[in-house]
Each structure stands twice: as C-alpha cells, then as structure tokens.
Amino acid sequence: MMKLPHPHISFFCLCVLLSSSHASNTIISPVSAQKPCDFPAIFNLGDSNSDTGGLAAAFTPPNSPYGETYFHMPAGRFSDGRLIIDFIAQSLDLPYISAYLNSLGTNFSHGANFATASSTIRLPTRIIPRGGFSPFYLDVQLQQFSQFKNRSQIIRNRGGIFASLMPREEYFSKALYTFDIGQNDLGAGFFGNMSVEEVNESIPDIINKFSANVKSIYNLGARSFWIHNTGPIGCLPYILANFPSAKDSAGCAKPYNEVAKNFNLKLKEAVVQLRKDFPSAAFTYVDVYSVKYSLFRTPKRYGFELPTVACCGYGDNEYNYSGTAECGQLATVNGTQFIVGSCDRPSVRVNWDGIHYTEAAAKFVFDRISTGAFSDPRIPLKMACRRALID
C-alpha cells in the first residue's frame, strides 16, 4: 500500500494457524452438511488483503500497474488483479463486493466491503496522512456496518432509484461475514520499534478487541462467520528488507513468522470460545497461513518462482523492495526519474509489491481454502452456514 512503515497489509478475512491438526474438536452433522448454503450477500471487514477500493476512495488510489492482470487498470485493489474476497464472491455466484467508502457507481444489493488497506484491529498510533495506518480500524468498520444496515433499509423502504441498490432486510441474517485482519497490528509493533517479545505480549489484547467486534456484529444479526488467520508475515519482502534475522528453510524471517503463528493460535482459541458463546451461529476458522506458506516453502511444485521477491518494486536488495521506491510510484535513482513497474510474468510470482500477493497467489489460496481442507470445522466455503457440534 503506501509507504514504509507499511504494515498495511494485512491481513482480514482473519486467520489462525491450523496445521494438519486442524480437525480439532469440532464436527459437522453429515445430514445438515448435505445442502449448500444460500448466501445472498457478503459483508467483509479487514485490511488490504481484502480491500476492494475502500482506501482508494478515501485517499490516493494506487497507480498503474496495479490491476493490470485482470482489470487492465487500477481497481482499488493492492494487487495486480483479484483478491481472495473476489474469488469468494465469484464462487457464490455473487458480484464483486463494492467498497462501502466508494460512493460512485456502487451497488450494495449483495453486500458491502468495509475493509481498507492499512487497517488494524486496535486503534493505530499513527494514522494517514501522518502515519502509515488507516483511520478505518476495526471499531470504525463495525460502526460503518451498523450505520449501513440501518440506513440501507431506510433507503430501500423509501423507494426510488436507489432502493434496488440496497440489500434486502433478510440478507443481513443470511449473509456470509468474512474477516481478514490482524497483520497490520503485528507490523505496527515491528515498525514501532517493539521487540518480537513485546509484539507477542500485545497479541492477547489484539485478539480480545477482535472478539469484541465479532460479538457486536453477531448482535447486529450476523450468523455465518468465515474468519481467516494471518499469513506468514516473515516471508514478505517489506519485513525481510527491513528486519534482518534468522531465516528458515524457505528463506523467511523465522522470528516474525513465529509471532504470526502465536497470533493465529490465540485467534483460533478465540473462535472456539465464540462458538461456545453463540451456539446459534456458525464460526469457521480458516488456516490461510499454511496455504500461503506452502508457496514460499515449495514454490516450484505449484508453478511459482522467486516467492520472496517483489514483482512490482525497486530495491537495492535481493527482495526488490524499498519503501522509498514503491510499485507504481515515481522514483529517482542516480538522478534519473522513473515509474516503478512490474515484472514480466506476474502469473508465476507470489508477491506483488513487497507487501501484497499477486492474483495468481490469491487464486491458489482460494482454491485450497474453499474446499474446507484448511478449515475448522472442516467444511467447504459453501457450507459455512452450518454450525459445528462441539464434542
């Protein structure tokens, strides 16, 4: 997203590390799992991992070559094309979800996207334009959703040309609520000169804030929750270029990935508790971390290359990343100005701009998490309205 410190990414369909043990202690009734859910809408909260134009509508939008692969122009997404949330909508036969903050030509009849790049769960200490984080942190996204729910029905009941652009009242209880957020909270700590130990110590409070927001959304009528854990932040060029540290076999910064794993562990525990607190709702915890990490561990197996190198970037390092010469921006090197461009084949690259993933990587992740193989309980996306039975 923007400039260093760019913890923007994020993360939010929120995620937890569900290793091969994610079978855990929850099961789904084989009878109730037979019929796919009929989700008429999606409401998404998160950060740049799922932002479809929110930050771009509020501040400066990303420049070309963002969007070049699919949209052939910048489309408010911090990628060369579509994001996981776009593939989720497409798989449910729904249109791509419009950003709530985008007031021009938007249609909210099948949901709204409250995610913005650089968003955090907790109130950030440095906010755009005086810092690297979005003012639309999770508490604000919750308030926006609450207002949207009320005002959309006023508009719909009033009739007129805008009524059909609003969701039906019954859609709010039947919709899928997706979350992908938390990575920027970890990044805020790292770029705020906190030690790895200090960032780890902040995680319980971050997760408590997340749970409080999910409870509030439940109280507003949400019943089907699809929660992504956070990805391997230590594999991203913006971390690797700024925080030299011990590497694992995939070339990722091991201490920073351990923090992400700790976040995911606490997130999974929180989702289990939410399931107990609200037995009438369906909470699906999705292990995005494991799928994303496989792209760094064995990229050639899946047709990818150079996973820790930014496709669109410029940097005097092995990661092709610099916070002063970012994707699509004007850069000056040795007195020569140029626009930072992209690599020749984004379709075989994992990382787009040092922080975010390419469309190819997003599609790879979606194809695997949508089957339910990385979910707790182990149910596919189209069954995410089914409640888990706790042993």
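What this report covers is the structure whose coordinates are included nearby.

Parameters and conventions
- Residues numbered from 1 in each chain as written.
- Predicted model: local features only at pLDDT ≥ 70, side-chain atom pairs only at ≥ 80, totals over all residues.
- Heavy atoms only, no water.
- Helix = DSSP H or I, 4+ residues; strand = E, 2+ residues; numbered from the N terminus.
- Rg over C-alpha atoms; globule rule 2.2 N^0.38 Å.
- Buried < 20%, exposed > 50% of the residue type's maximum accessible area, 1.4 Å probe, protein only.
- Areas by Shrake-Rupley, 256 points an atom, 1.4 Å probe, with all protein chains shown as cover.
- Lys, Arg positive; Asp, Glu negative; His and termini not counted.
- Charge placed at Lys NZ, Arg CZ, Asp CG, Glu CD.
- Contact = heavy atoms within 4.5 Å.
- Pairing = 2+ DSSP bridges.
- Phe/Tyr/Trp six-rings, centres within 6.5 Å; stacked < 30°, edge-to-face > 60°.
- Lys NZ or Arg CZ within 6 Å of the ring centre and 35° of its normal.
- Disulfide = S-S within 2.5 Å.
- Core = buried A, V, L, I, M, F, W, Y, C linked by side-chain atoms within 4.5 Å.
- Salt bridge = Lys/Arg side-chain N within 4 Å of Asp/Glu carboxyl O.

This part covers the overall build of the protein. Helices and strands together make up the secondary structure of the protein, namely 10 helices and 10 strands. What you see for the protein is a C-alpha radius of gyration of 20 Å, in line with the 21 Å of a compact globule of 391 residues. When its C-alpha atoms are laid out on the principal axes, the protein stretches across 60 × 50 × 40 Å. Evaluated residue by residue, the protein yields a buried proportion of 58% over its 391 residues. Summed over its atoms, the accessible surface of the protein is roughly 15,500 Å², and 51% of this surface lies on carbon and sulfur atoms. Across the protein, the centroid of the 35 positively charged side chains sits 6 Å from that of the 31 negatively charged ones.

Here we take up helix H9 (residues 288-297). Most of H9 sits out of view: eight of its 10 residues are buried. For H9, every residue scored as buried is listed here: Val288, Tyr289, Val291, Lys292, Tyr293, Ser294, Leu295 and Phe296. Looking at the packing, one finds that the buried side of H9 touches strand E5 (224-228), helix H8 (254-277), strand E6 (282-286) and helix H10 (359-369).

A regular strand carries its side chains on alternate faces of the sheet. Pairing between strand E7 (residues 330-333) and strand E8 (residues 336-339): four bridges, direction antiparallel. Its bridge partner being in E8, Leu330 is matched across the sheet by Ile339. Where E7 folds back onto E8 in an antiparallel hairpin, the turn is made up of two residues, including Asn334, whose phi is positive at roughly 55 degrees.

Here the focus is the sheet that holds strand E2 (residues 42-44). Here six strands make up an open sheet; going across it, the order is E3-E2-E4-E5-E6-E9 and the pairing mixed. Sheet topology places strand E3 (111-113) and strand E9 (375-376) at the edges, where each strand pairs with a single neighbour. Sheet analysis places E5 next to E6, joined by five bridges and oriented parallel. Directly across from His228, in E6, lies its bridge partner Val286.

For the coordinates displayed, the defined rule picks out 33 aromatic pairs. By way of ring pairs, the aromatic residues Phe43, Tyr100, Phe108, Phe114, Phe145, Phe148, Phe172, Tyr177, Phe179, Phe210, Phe225 and Phe283 are connected into one cluster. The lysine or arginine in question, Arg223, covers the ring of Tyr218, its NZ or CZ lying 3.8 Å from the ring centre. The residue whose ring lies beneath Lys363 is Phe87, and the NZ or CZ to ring-centre distance is 5.9 Å.

A full pass over the atoms with the stated rule returns four disulfides. Sulfur-sulfur distance for the disulfide between Cys37 and Cys385 comes to 2.0 Å. Taking the sign of the S-S torsion, about -95 degrees here, the bridge from Cys37 to Cys385 comes out left-handed. Of this pair, Cys37 sits in the loop between strand E1 (26-27) and E2 while Cys385 sits in the loop between E9 and strand E10 (389-390), and the two are 348 residues apart along the sequence. Its relative accessible area of 13% is what places Cys37 among the buried residues.

Right, let's get into the nonpolar core. Of all hydrophobic cores here, the largest spans 90 residues; its most connected members are Phe43, Ile88, Tyr177 and Phe225. The element contributing the most residues to this core is helix H6 (residues 196-219), with nine residues. Not counting residues up to four positions away in its chain, the partners in contact with Tyr177 are Phe43, Phe145, Phe172, Ile217, Ala222, Arg223, Ser224, Phe225 and Trp226. Counting residues in each nonpolar core, the second largest holds 10 residues, with Phe78, Ala117, Cys312 and Cys327 among its members.

This brings us to the environment of Val272. Structurally, the position occupied by Val272 is in helix H8. Look at Val272 and you get partly exposed, because its relative accessible area is 21%.

Applying the stated rule across the entire model yields eight salt bridges. Notably, a salt bridge pairs Lys261 with Glu258, separated by 3.6 Å at the nearest N-O pair. Placement of both Lys261 and Glu258 in helix H8 is noted, with a separation of three residues, approximately one turn of the helix. Under the relative-accessibility criterion, Glu258 is labelled partly exposed at 38%. Three or more residues are tied together by salt bridges with common partners; here these are Arg122, Asp205 and Lys209.

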